[in-house]
Amino acid sequence: MDHFLHHGGRLAEAARLFGGAAEDWLDLSTGLNPAPWPVPQAFAPDWHALPDPAVLAALEAVAARHFGADPAQCCAVPGSEAALRLLARILDLPGRAPVPSYRSHVEAFAVSCPVRFGEVAAAAETCVIANPGNPDGVLHSPEALCGWADRIAGRGGWLIVDEAFGDCAPQASLVAAVRPEGRLIVLRSFGKFFGLAGVRLGFVLAPPPILAKLRAAMGSWPLHAGALAIGTAAYGDAAWIAATRAELPGRAAALDAVLARHGLVAEGACPLFRLVTGCRAAELFERLARARILVRPFAEFPGWLRFGVPADPAALARLDRALHNG
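So, a few notes on the structure that sits alongside this text.

About the thresholds
Residues numbered from 1 in each chain as written. Predicted model: local features only at pLDDT ≥ 70, side-chain atom pairs only at ≥ 80, totals over all residues. Heavy atoms only, no water. Buried < 20%, exposed > 50% of the residue type's maximum accessible area, 1.4 Å probe, protein only. Helix = DSSP H or I, 4+ residues; strand = E, 2+ residues; numbered from the N terminus. Pairing = 2+ DSSP bridges. Polar contact = N/O pair within 3.5 Å; in protein donor to acceptor, adjacent residues only side chain to side chain. Contact = heavy atoms within 4.5 Å.

## Notes on the pairing of strand 13 (residues 305-308)
Regular strands place side chains that alternate from one sheet face to the opposite one.
1) Next: Going residue by residue along strand 13, you find Leu305 and Phe307 tucked away on one face and Arg306 and Gly308 tucked away on the opposite face as well.
2) Next: Sheet topology places strand 10 (residues 273-276) next to strand 13; 4 bridges connect them, and they run antiparallel. Note on strand 13: the bridge partner recorded for Val276 is Leu305.
3) Next: Pairing between strand 12 (residues 296-297) and strand 13: 2 bridges, direction antiparallel. Its bridge partner lying in strand 13, Pro297 is registered against Leu305.

## Remarks on the side chain of Arg96
1) Next: The residue Arg96 is located in strand 3 (residues 95-97) in this model.
2) Next: At a separation of 3.4 Å, a polar atom in the side chain of Arg96 contacts the side chain of Glu125.
3) Next: Those residues within four positions of Arg96 in sequence are excluded, and the remaining contacts are Ser112, Cys113, Pro114, Val115, Glu119, Ala121, Glu125, Thr126, Cys127 and Val128.

## Notes on unusual backbone geometry
1) Next: In this structure, the amide linkage connecting Val99 to the following residue, Pro100, adopts the cis form with an omega of 5°.
2) Next: For Pro100, the position within the fold is in the loop between strand 3 and helix 4 (103-107).
3) Next: Each neighbour pair has its own omega, and for Asn131 with Pro132 the value is 0°, a cis peptide bond.
4) Next: Relative to the helices and strands, Pro132 resides in the loop between strand 5 (126-130) and helix 5 (142-154).
5) Next: One non-glycine residue with positive phi stands out, namely Asp92, at about 55°.
6) Next: Summarising the element assignment, Asp92 is placed in the loop between helix 3 (80-91) and strand 3.
7) Next: In this structure Asp92 comes out as exposed when scored by relative accessible area, which is 62%.

## Details of the pairing of strand 10
1) Next: Neither face of strand 10 is open: one carries Phe273 and Leu275, the other Arg274 and Val276, and all of them are buried.
2) Next: By the bridge criterion, 2 bridges tie strand 9 (residues 266-267) to strand 10 in an arrangement that is antiparallel. Note on strand 10: the bridge partner recorded for Ala266 is Val276.
3) Next: Taking the residues that link successive antiparallel strands as the turn, the strand 9-strand 10 hairpin has 5 residues, and the phi of Gly268 there is positive, at about 115°.

So far we have only geometry, and geometry alone does not tell us how the molecule works.
Have a look at this one:
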């Protein structure tokens, strides 16, 4: 199990350790939408030309419209994790993150320590929190987050809200609270909701002076042609976005029911994954792995497992059988 404690995925490693080919596995370890945005088969980005700045601007405009943000405060990046590491250098303050949190929320900073939600240090610091949280799926209200951001700003610090799963809870987004004179930054991820993590696309919503430094750090061509084309088309697909938002809660409820049938209590408000605590995680992880099902364990919490939402009834039934056969 030690091989899978850092993050989700790594199906080839799972197949090497537990058998089968990678394509035989059901991957529930990542929390990605298992029914991704359907990239058209005839889709053909221009791989010959250098990415056009006007195309980048068009992507940022359509994404900002989807987020409900000011396009002047929206910057496309090659993945929100890479952006966070650059922001940590730009802001040049000690970092703080709640427990649990994304591992990268800690690793991005040279100096980082835990923080409780709402806590404000005596000195300027950068606090990073995911909303919805990962892996616990906790969803904080915009009012509570904005109040915390104001108190942090009063100490000269910054609050970074990572909305990697924010497309599932648009009512809780803080993008509209980002102000040119403020000290609030919001990260958005393309890969989770659209199910296309390999595109490596994210966005930073921040005051223009921060975005200027971020753009300077990334250089002239931050995104490849495929990310520009796929991102622009997907964010413009309002019908698919609406349908997916409507479908995901039902899929999550179906997973909850299967887990409950086997004595596992699902936690979290994000419909792309569920957390199970207080279980024999190592034993359950190995049992599922021998059935070619990969879930997400955690080094810091040996009784926790995170389950991504299965794509369809057949995948859910496969999980149900594996849990029953144990």
